[in-house]
Amino acid sequence: MKKVLTGNFAAAYGATAAKVDVVSAYPITPQTTIVEILSEIVADGLLDADFIKVESEHSAMAACIGAQAVGARTFTATSAQGLALMHEMLHWAARGRLPIVMANVNRAMAPGWSIWADVTDSVAQRDTGWMQVYCENNQEVFDTILMSYKVGEYEDVLLPTLVNLDAFFLSHTSQVVDLYDEKTIDAFLPEYNPKIKLDVKDPRSFGALTSPEHYYEFSYKMQIAQENARSRIKEVSAEFEKRFGRKYDLIEAYRCEDAETVLVDYGTIAGTAKDAVDRMRDRGERVGALKIRYLRPFPVKEVCRILNSARQVGVIDRAISFGHEGPFFTEVKAAMYGSQIPIWGFLAGLGGRDVSIADIESVVTHMKQNEPSNIIWIGVKK
Amino acid sequence: MIEIRFHGRGGQGAVKASDILAMAAFAEGKMVQAFPFFGVERRGAPVTAFTRISEDEIRIHCYIYEPDVLVILDPTLIGAVPLTDGLKPGGKIIINTTRPPADFTFPKADDPKVFTVDCSSIALKHRLGSKEAPIVNTAILGAVAKATNLVSINSIMEAVKEKIPVNKEENALAAKETYQKLQG
């Protein structure tokens, strides 16, 4: 069934379609409607779930951790300062090996007080052990929530996923979304039945003191789980395509086959970049775009496979790691270590500044006229 | 792809109008996108909203800089904000006003086609909003359907009824009336 929905509705409907058992969330702009819709869906009896009201995001994540630990499928959503407040609990969720799924409406960190798009909030959670996906459109938000439960719940993964959507450019933008049918979704995503859980009949210890004798191996296993997730993501994406007809992967290459210049991007900028690529192609310029979906696990091999045939690469970041450069730029450069292909690092759209087709074309123009550099601010007023 | 930019004031319902237009076009099998200019909402402040309608998937996610159609819910915005910036040559401008199209000139626009209709009176006649602040968003969509031929008036009326929680019939009839009374 197709509907015209905002990104926030797509997120709430995604959690509903995944038949989550527990929702716990605290409202924050621009995430608020996700929580509102879910509380209505639960109150109307359309989803057999418990909605746990809490006094903060820290508690929301704590509630999800407790519920997931006893074997419930859980969902929450937040933005910016709310995600920052959860930070401690994010480690608990990931290291507790709890495949929670959370929608994060990417919003700039204050001050200056902002409710607009910027990925600093999620990038700051990079090392918590969560998988992280960045969505281009509302369909991808819905689909990614379904796929994230499936990937995370594999026994050789057992990790939570942060599903990111740009503030307003997705959260408050209406688009056509296919919600499929219940039977097909249920066949794709069966009930969550973890082998190991909190159970009075089968007592175990969770989160106990871990001496140097074991902590090192815990960390080793977390890394193995992230590496396993890479192949599980591919597997689940392939099954998703078979059942629902939509193709996903760790990355998405657009017109890169014979491209001399490849732009690397993520989130909604990736959509606008595809139109920009078409325009430049119409003028005879050999340009392509590479969308990165997963920041973690980072698709090193896949990124290199595409970029190694390019002559030059430009990365567009909607965040900056102060004192260094754009965070995805760092990742792409590291992945390309040893390659002689020049790479430029661009910043655009921080704090919700619009990124137009003209802005993306200006990136390519800049690369033609200048030597590579790590920080180029598109359209900054100095 | 057709791009429509709505200009109104907070409280007039420009954002809802952009959404209803998208819904109507979707019902006719089109791909659509609708979104507000993401400002802070205040009653009376200038508001901008956007609708894209296309046969193909819509991938772009930035504001509309070169609209095909402008919809002006409040004529006092003319001259107050740069409304016609980027309007495509021969683009259409639909204005809620008591005055005829010939009264309006847009020197910065290239050969614009101007249409007018008194949405405020029609909205009031159907008891939508108050005399000081008539709610004109549903009414003006009839005029948009007539001026652009992008969607049928029936699809607009159905989308209005689906999206507006109260006075569904009155809102739909207001749209029908501007469809019939549009000048231009």
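Reading the values: rules and limits
- Residues numbered from 1 in each chain as written.
- Chains lettered and ligands numbered in written order.
- Predicted model: local features only at pLDDT ≥ 70, side-chain atom pairs only at ≥ 80, totals over all residues.
- Heavy atoms only, no water.
- Helix = DSSP H or I, 4+ residues; strand = E, 2+ residues; numbered from the N terminus.
- Rg over C-alpha atoms; globule rule 2.2 N^0.38 Å.
- Buried < 20%, exposed > 50% of the residue type's maximum accessible area, 1.4 Å probe, protein only.
- Areas by Shrake-Rupley, 256 points an atom, 1.4 Å probe, with all protein chains shown as cover.
- Pairing = 2+ DSSP bridges.
- Domains from an automatic or database assignment.
- Contact = heavy atoms within 4.5 Å.
- Buried area = accessible area lost by both parts, 1.4 Å probe.
- Salt bridge = Lys/Arg side-chain N within 4 Å of Asp/Glu carboxyl O.
- Polar contact = N/O pair within 3.5 Å; in protein donor to acceptor, adjacent residues only side chain to side chain.
- Nonpolar A, V, L, I, M, F, W, Y, C, P; charged D, E, K, R; others polar.

**Details of the overall build of chain B**
Part 1 of the reasoning: When you go through chain B residue by residue, the secondary structure sums to five helices and six strands.
Part 2 of the reasoning: Counting from the amino terminus, chain B carries its helices and strands in the arrangement β-α-β-β-β-β-β-α-α-α-α.
Part 3 of the reasoning: In terms of C-alpha radius of gyration, chain B reaches 15 Å, essentially the compact-globule figure of 16 Å for 184 residues.
Part 4 of the reasoning: Principal-axis analysis of the C-alpha atoms gives chain B an extent of 35 × 35 × 35 Å.
Part 5 of the reasoning: Buried residues in chain B amount to 54% of all 184 residues.
Part 6 of the reasoning: By element, 51% of the accessible surface of chain B is carried by carbon and sulfur atoms, the whole surface being about 8,200 Å².

**Re the pairing of strand E2 (residues 22–25) of chain A**
Residue and element names in this part refer to chain A.
Part 1 of the reasoning: Of the two faces of E2, the one lined by Val22 and Ser24 and the one lined by Val23 and Ala25 are each fully buried.
Part 2 of the reasoning: Judged from the two bridges that link them, E2 and strand E4 (residues 74–78) form a sheet pairing that is parallel. Bridge pairing in E4 links Val22 to Thr74.
Part 3 of the reasoning: In this structure, E2 lies alongside strand E3 (residues 50–53), joined through four bridges in parallel fashion. Paired with Val23 across the two strands is Phe51, which belongs to E3.

**A short note on the pairing of strand E3 (residues 46–54) of chain B**
All names here are of chain B.
Part 1 of the reasoning: Along E3, seven of the nine residues are buried, which leaves the element largely enclosed by surrounding structure.
Part 2 of the reasoning: In terms of strand pairing, strand E1 (residues 2–9) meets E3 through eight bridges, oriented antiparallel. Pairing of Arg9 across the sheet is with Pro46, part of E3.
Part 3 of the reasoning: Summarising the sheet, strand E2 (residues 31–36) and E3 pair through six bridges and their orientation is antiparallel. In the sheet register, Phe35 faces E3, and the bridge partner there is Phe50.

**Digging into the environment of Ala187(A)**
Part 1 of the reasoning: The topology assignment puts Ala187(A) in helix H7 (residues 182–188).
Part 2 of the reasoning: Taking the C-alpha atoms as reference points, Ala187(A) and Lys274(A), separated by 87 residues in sequence, lie 33 Å from one another.

**Let's talk about the domain arrangement of chain A**
Residue and element names in this part refer to chain A.
Part 1 of the reasoning: In terms of domain boundaries, chain A breaks down into domain 1 (2–244) and domain 2 (251–377).
Part 2 of the reasoning: In this structure, domain 1 and domain 2 have C-alpha centres spaced 27 Å apart.
Part 3 of the reasoning: Listed by partner, the interface residues are 27 residues for domain 1 and 29 residues for domain 2.
Part 4 of the reasoning: Contact between domain 1 and domain 2 buries roughly 2,300 Å² in total, counting both sides, with carbon and sulfur atoms accounting for 56%.
Part 5 of the reasoning: Contact with domain 2 buries surface across domain 1, with Tyr134, Glu136 and Phe169 losing the most and accounting together for 26% of the total.
Part 6 of the reasoning: For the interface between domain 1 and domain 2, the tally reads seven salt bridges.
Part 7 of the reasoning: The partner of Asp166 in a salt bridge is Arg318, and the shortest N-O contact between them spans 3.6 Å.
Part 8 of the reasoning: Where domain 1 packs against domain 2, one counts 14 residue pairs in polar contact (both at pLDDT 80 or more).
Part 9 of the reasoning: Within the residue set of the side of domain 1 that touches domain 2, elements represented by two or more residues are helix H5 (120–123), strand E6 (131–134), helix H6 (138–153) and helix H8 (212–244).
Part 10 of the reasoning: Element by element, the count of residues in the side of domain 1 that touches domain 2 is highest for H8, at five residues.
Part 11 of the reasoning: Its residues placed into classes, the side of domain 1 that touches domain 2 shows 15 nonpolar, five polar and seven charged.

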